[in-house]
Amino acid sequence: MRTRRTLFVAAMVMASFASVAPANAESLQHSVFMRGQIVDMRDDIATVCIGSADGARIGQVLDVARVVPVTIPAKSGPAFRRKDVGHVRIDSIVDTHFARATVIGGEAKVHDIVELRRE
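Residues numbered from 1 in each chain as written. Predicted model: local features only at pLDDT ≥ 70, side-chain atom pairs only at ≥ 80, totals over all residues. Heavy atoms only, no water.

## A few points about unusual backbone geometry
Peptide bonds are trans in most cases, and residues, glycine excluded, mostly fall at negative phi.
So, step 1. Of note, the phi angle at Asp-43 is positive, near 55°, even though the residue is not glycine.
So, step 2. Among the structural elements, Asp-43 can be located in the loop between strand E1 (35–42) and strand E2 (45–48).
So, step 3. Given a relative accessible area of 78%, Asp-43 falls into the exposed group.
So, step 4. A positive phi angle, close to 85°, is found at His-111, a residue other than glycine.
So, step 5. Along the chain, His-111 falls in the loop between strand E5 (99–106) and strand E6 (113–116). (Helix = DSSP H or I, 4+ residues; strand = E, 2+ residues; numbered from the N terminus. Buried < 20%, exposed > 50% of the residue type's maximum accessible area, 1.4 Å probe, protein only.)

## Brief notes about the pairing of strand E4 (residues 79–93)
So, step 1. Across ten bridges, strand E3 (residues 61–70) lies against E4 in antiparallel orientation. Bridge pairing in E4 places Val-67 opposite Arg-82.
So, step 2. Two elements, E4 and E5, share seven bridges in a ladder whose sense is antiparallel. Bridging across to E5, Arg-89 finds its partner in Thr-102. (Pairing = 2+ DSSP bridges.)

## So, the sheet that holds E3
So, step 1. Strand order in the closed barrel formed by six strands is E1-E2-E5-E4-E3-E6, and the pairing between neighbours is antiparallel. With strand direction ignored, the average angle separating the axes of adjacent strands in the sheet is 45°.
So, step 2. Bridge count between E1 and E6: three bridges; the pairing is antiparallel. The residue of E6 that forms the bridge with Gly-36 is Val-114. (Axes fitted to C-alpha atoms, helices over the stretch in contact; angles between N-to-C directions.)

Structure below.
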């Protein structure tokens, strides 16, 4: 009897989380996980692999970072660090996967990482 009650309570708790998850998942994804890459650069216009499915919106400012190698002892293997190099602003949403953004500070190159600016 006690086991059945415990299972019922556990099922109710899980159901309550499941009903809340979609609403919170978008804001969590938007504030924590919105990250992509520059896939094309033409002049100062970047095509970024962040689209409407990721929560991208026109006017958002994204930080641009580059992965650069760091010199370390040979037996430790390769090491990299992140170098902040600029900022882009989303001008248009292409589709669910891509957006176009203008470089508004610093520099940006293909393969650089872009992510929602933390303010």
